[in-house]
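Given next are the chains, with one letter for each unit.
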Amino acid sequence: MTRSPRILPDRLQSPAARALRSWEAILVAVAIAVFVTNSFASPYFLNAWNLSDATFNFTEKALIAFAMAMLIIAGDIDLSVASIIALASTAMGVAMAAGADTPVLVLVGIGTGLLCGVINGALVAGMGLPSIVVTIGTMSLFRGIAYIVLGDKAFTGYPASFKFFGQGYVWWVISFELALFAVMAVVYYLLLHRTSFGRAVFAIGNNATAAQFSGIRVARVRFILFLLTGVMSGIAAVCLTSRLGSTRPSIATGWELEVVTMVVLGGVSILGGSGSIPGVVLAALIMGMVTFGFGLLNVPGIVMSIFLGVLLIGVIALPRLLRRR
Amino acid sequence: MNPVLSLRGISKSFPGVKALSEVQLDLYAGQVTALIGENGAGKSTIVKVLTGVYQPDAGHITMGGAEVQFPTAQAASAAGVTAIHQETVLFDEMTVAENIWLGHAPRTRFGLIDRRAMREGAVRLLEGIGASLNPDLRLRDLGIASKHLVAIARALSIDARVVIMDEPTAALSHKEIHELYELVEKLKAQGKAILFISHKFDEIFRIADRYTVFRDGQFVGEGAMEDVTEGDLVQMMVGRSVDQIFPQRARNIGPPVLTVSGYSHPTEFADIGFTLHRGEILGFYGLVGAGRSEVMQALFGITKPSKGATRIDDQVRVIRSTSEAIAAGIVYVPEDRGKQGAVKGLPIFQNVTLPSLPRTSRAGFLRLAEEFRLAREYTQRLDLRAASLDQDVGLLSGGNQQKVVIAKWLATKPRVIILDEPTKGIDIGSKAAVHEFMAELAAEGLAVMMVSSEIPEVLGMSDRVIVMREGRIVDEVTGERMTPEVLVRAAAGLAVAA
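- As recorded by an unreviewed UniProt entry, chain B carries the name Sugar ABC transporter ATP-binding protein and is attributed to Pseudotabrizicola algicola.
- Recorded in UniProt under Subcellular location (unreviewed entry), the annotation for chain B is "Cell membrane".

- For chain A, the name recorded in an unreviewed UniProt entry is Autoinducer 2 import system permease protein LsrD, with Pseudotabrizicola algicola as its organism.
- The Subunit (unreviewed entry) comment attached to chain A in UniProt states, word for word, "The complex is composed of two ATP-binding proteins (LsrA), two transmembrane proteins (LsrC and LsrD) and a solute-binding protein (LsrB)."
- Recorded in UniProt for chain A, the comment headed Function (unreviewed entry) runs: "Part of the ABC transporter complex LsrABCD involved in autoinducer 2 (AI-2) import. Probably responsible for the translocation of the substrate across the membrane."

Structural notes on the interface of chain B and chain A
Consideration 1: Taken together, the contact pairs 36 residues of chain B with 27 residues of chain A.
Consideration 2: Taken together, the elements giving at least two residues each to the side of chain B that touches chain A come down to α10 (322-327), α11 (337-341), α14 (368-381) and α16 (428-443) of chain B.
Consideration 3: For the side of chain B that touches chain A, the leading source of residues is α14(B), giving four residues.
Consideration 4: A breakdown of the residues in the side of chain B that touches chain A according to their chemical character gives 17 nonpolar, 12 polar and seven charged.

Quick look at the sheet that holds strand β11 (residues 256-264) of chain B
Each strand in a sheet pairs with its neighbour through backbone hydrogen bonds, running either in the same direction (parallel) or in the opposite one (antiparallel).
Residue and element names in this part refer to chain B.
Consideration 1: Within the open sheet, the four strands sit side by side as β12-β11-β14-β15. Their pairing is antiparallel. A single partner strand is all that each edge strand has here, and the edge strands are β12 (272-277) and β15 (315-316).
Consideration 2: Bridge analysis of β11 against β12 gives five bridges, and the strand direction is antiparallel. For Y263, the partnering residue across the bridge sits in β12 and is I272.

Observations concerning the UniProt feature "transmembrane region" (unreviewed entry) in chain A
All names here are of chain A.
Consideration 1: In the numbering used here, UniProt assigns the "transmembrane region" (unreviewed entry) feature to residues 21-46, 58-74, 104-125, 132-150, 170-191, 223-245, 251-272 and 302-322.
Consideration 2: Between the C-alpha atoms that bound residues 21-46 the distance is 30 Å, and the span itself is 73% helix and 0% strand.
Consideration 3: Its end C-alpha atoms 30 Å apart, residues 104-125 is made of 100% helix and 0% strand.

A short note on the sheet that holds strand β20 (residues 472-478) of chain B
All names here are of chain B.
Consideration 1: Ordered in space as β16-β17-β18-β13-β19-β20, the six strands form an open sheet in which the pairing is mixed. At either margin of the open sheet sits one strand with a lone partner, and together these are β16 (330-333) and β20. Neighbour to neighbour, the strand axes of the sheet diverge by 20 degrees on average, direction disregarded.
Consideration 2: For β16 and strand β17 (residues 416-420), the ladder comprises four bridges, and the chain directions are parallel. Opposite V333, over in β17, you have L419 as the bridge partner.
Consideration 3: Sheet strands in contact with helix α18 (residues 484-492) are β13 (281-286), β19 (464-469) and β20, and its direction is about 25 degrees off that of β19.

Examining the environment of S157(B)
Residues and elements named next belong to chain B.
Consideration 1: Mapped onto the elements, S157 comes out in helix α5 (residues 144-157).
Consideration 2: Accessibility expressed as a C-beta count within 10 Å gives 23 for S157, which makes it buried.
Consideration 3: Note: C-alpha distance between S157 and W101 (56 residues apart in sequence) is 7.1 Å.

What about the packing of helix α2 (residues 23-41) of chain A against helix α13 (residues 277-296) of chain A?
Residue and element names in this part refer to chain A.
Consideration 1: α13 packs onto α2 with a crossing angle of 20 degrees between their chain directions and a minimal axis gap of 9 Å. The orientation of α2 relative to α13 falls into the category roughly parallel. Between α2 and α13 the crossing geometry is left-handed. Of the residues in α13, those in contact with W23, E24, L27, V28, V30, A31, V34, F35, N38 and A41 of α2 are P278, G279, L282, A283, L285, I286, M289, V290 and G293.
Consideration 2: When grouped by side-chain class, the residues that make up the contact of α2 with α13 number 15 nonpolar, three polar and one charged.

With respect to the pairing of β19(B)
Both faces of the sheet carry side chains from a regular strand, because those side chains alternate between them.
Residue and element names in this part refer to chain B.
Consideration 1: Relative to β19, β13 runs parallel, the two being bridged by five bridges. Across the sheet, residue G283 finds its bridge partner in β19, namely V465.
Consideration 2: By the bridge criterion, six bridges tie β19 to β20 in an arrangement that is antiparallel. When the bridges of β20 are listed, R469 appears paired with R472.
Consideration 3: The hairpin turn running from β19 into β20, its antiparallel successor, is two residues long, and E470 in that turn takes a positive phi close to 50 degrees.

Comments concerning the confidence of the model for chain B
Consideration 1: Residues at a pLDDT of 70 or more form 95% of chain B, whose mean pLDDT is 87.
Consideration 2: Overall fold confidence (pTM) sits at 0.77, and the ipTM for the predicted complex is 0.86.

Here's the deal with helix α8 (residues 176-194) of chain A
All names here are of chain A.
Consideration 1: In this model, α8 (19 residues) spans 26 Å end to end at C-alpha, consistent with the 27 Å of a helix rising 1.5 Å per residue.
Consideration 2: If you check which residues of α8 are buried, you get E177, L180, F181, M184, Y188, L191 and L192. Down the axis, α8 shows its buried residues gathered within 100 degrees of arc, on one side only. Within α8, the exposed residues directed more than 90 degrees away from the buried face are V183 and V186.
Consideration 3: The secondary structure elements touched by the buried residues of α8 are α3 (48-73), α7 (164-167), β3 (174-175), α9 (196-206), α11 (218-244) and α13.

Considering the environment of G345(B)
Consideration 1: Within the secondary structure, G345(B) sits in the loop between α11 and α12 (348-353).
Consideration 2: For the pair G345(B) and F300(B), spaced 45 residues apart in sequence, the C-alpha separation works out to 24 Å.
Consideration 3: Other than its neighbours up to four places away in sequence, G345(B) contacts N206(A), G273(A), D392(B) and G394(B).

Some words on the domain arrangement of chain B
Consideration 1: Taken domain by domain, chain B holds domain 1 (5-238) and domain 2 (256-492).
Consideration 2: Using only C-alpha atoms to locate each centre, domain 1 of chain B and domain 2 of chain B end up separated by 35 Å.

Criteria and thresholds
- Residues numbered from 1 in each chain as written.
- Chains lettered and ligands numbered in written order.
- Predicted model: local features only at pLDDT ≥ 70, side-chain atom pairs only at ≥ 80, totals over all residues.
- UniProt positions renumbered as here; feature names shortened; annotations may be inferred.
- Contact = placed C-beta atoms within 7 Å.
- Helix = DSSP H or I, 4+ residues; strand = E, 2+ residues; numbered from the N terminus.
- Nonpolar A, V, L, I, M, F, W, Y, C, P; charged D, E, K, R; others polar.
- Pairing = 2+ DSSP bridges.
- Axes fitted to C-alpha atoms, helices over the stretch in contact; angles between N-to-C directions.
- Buried ≥ 20, exposed ≤ 12 C-beta atoms within 10 Å, placed from the backbone.
- Parallel < 35°, antiparallel > 145°, perpendicular 65-115°, else oblique.
- Left-handed = near helix turned anticlockwise from the far one by under 90°.
- pLDDT = per-residue confidence, 0-100.
- Expected span 1.5 Å × (residues − 1).
- Arc of directions from axis to C-beta.
- Domains from an automatic or database assignment.

Now the structure itself:
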């Protein structure tokens, strides 16, 4: 048998050509459409300070969405993220009541998130329980603890220096939260798309068995992903508590679904295996602008959530409808 | 006597594989016909043709003289053909009666399921085969043997004329096998035509009246059991077929690389011991379920052995995970390519570099240029056919997926490579390429272990063959003794030929 080595090209399509046909391209179009519609619909939309204010309605959720995107790509999910915020915020409240200062409060918030992530990760990756069941369980558990501690009371009176995380500005209209969102977007972009850890996440999401058969430490990667959602929820809890200036046990109720919506809208397959951080960033911007635009037009909240629901289904169904031609 | 069911000129192809080529088969009322053949001879395919799962590409099926077709499983069962499979398909959460009647339950006149008739019918059917089982028990509460009885009762509930038993004794104990034989006698007495598939010669000689032999998807012969000996059947099963050409290679066997001793697992294998040398191809032959893959997966860190030691270059190495195995230089090309081998959805180059990421990345950051270079180097060596290295592995043919999996392992520069059924289900061209490549690897000093159920492949490629049966090593075959007869006899538990 003669062997004629054939030279395979690296790619048939340049990364740029591929990007043009990607999900992200659709999202960019949607984002532009929403932006243009908003600027025609309300004279107050195109104002730097208004736009800056608008970013607060997605930055905290987006922080969690970055970690959630990686988790969903790996084939798991964490529905306890909003409850982690409640628990972390409560823990900060308790620490504040005990006289802790800002640095300690931040550590307590993030530490609580980390601890919750350890619990979820140990149950899912360590014991092999299904993540959707485990995190529905911890969703009730974590918020339940917050309710027991707080009852119908609230923690208020956080120190003035603590306000910076949710109310401070880094430069001109750029808030601390917006800056943190941008930094985390870059960090998660690098982590998911530029490191071998990120590659392992995609491999596990596409075929966890084959990934294990390829020497990937599947359980360890899954455990780390739960730590990340826990920590990001803790960071979001710091920002949100600082922004609201108070802790109630009902804080961030329903956020887990908004975070998942953001991730799925961003093009992450709910079945795992594919997705991107730029997609999630775009989805966060779209959701933020839609919420803000509707707010300017005094559209009731319920209509807003109907619109987001339709948007989600529409954007998900679109490629499938197009492919059917 | 005319056959109840008769197949003539049945052919069936799958992409790259001719599973059946103009085979014939006759089944007679009140008689047991044994279907005999090696793994891959086409036995399972013919069962699927008979039960309406596969449609033959050519040929005729006649029942009672009239031509019939089985476009669906329902059509086959309506015609009175029923099968009891190796792994019985039953539902653990349903009762005995529900399992028996699923899909054709008796109805009341309002069209609802008639539970009482179901229960009574179930009891009647079970008694007919000498089983007294409570029809209201959930299946998960029954043992494997009782489940088998339920499966048989289910098969009889459609008033079958033809009963196919596909390795029915594989999971049964000695006593249960005995009861099964009695049951077969009862079915014979009721005039059923029985097709009995088994690898065990003792039971074939015990209960079969007739035999039919397939080899490599072709009909070899048939006749009455009283006219043949074991030796004749073995000869018919293994007789050299289409000549495959295996690469010639210089045997250049070096020092030991891997030594395994006393390797045991609670259920899958016991007391496995062997030594593997540099430059050697060590074949593992046995029937499906003999525990070969399980041993290999334990060596690769997938399953945990309960006892035993592995030494690499005379150093004891404990391997608890696949990453430790890879670090120790042991890699495994699995049999189940789709599930365990290729990560479909990821492009070719990412599949190739997956276990080598520590090498192709720097401080955890990927270096794509490095990945493409490594992927190109090894896919080129294997003569991979693909559009580009960025193509999704899931879009490749089976043979090319296998090449990607092998390339992935070679890129880790292993010392020991384990190939589990490396050419199963891949086309002839890729097969030859894989064989040639294995020879090359051995020549370069790699130690190769190959699990294969294809006798020509095992004999053509191996320097030495270990035969396993029921989780144990039963023979180690070298030199002159490397013949099909020796392997088949050892694997089936027959005495060594005189």
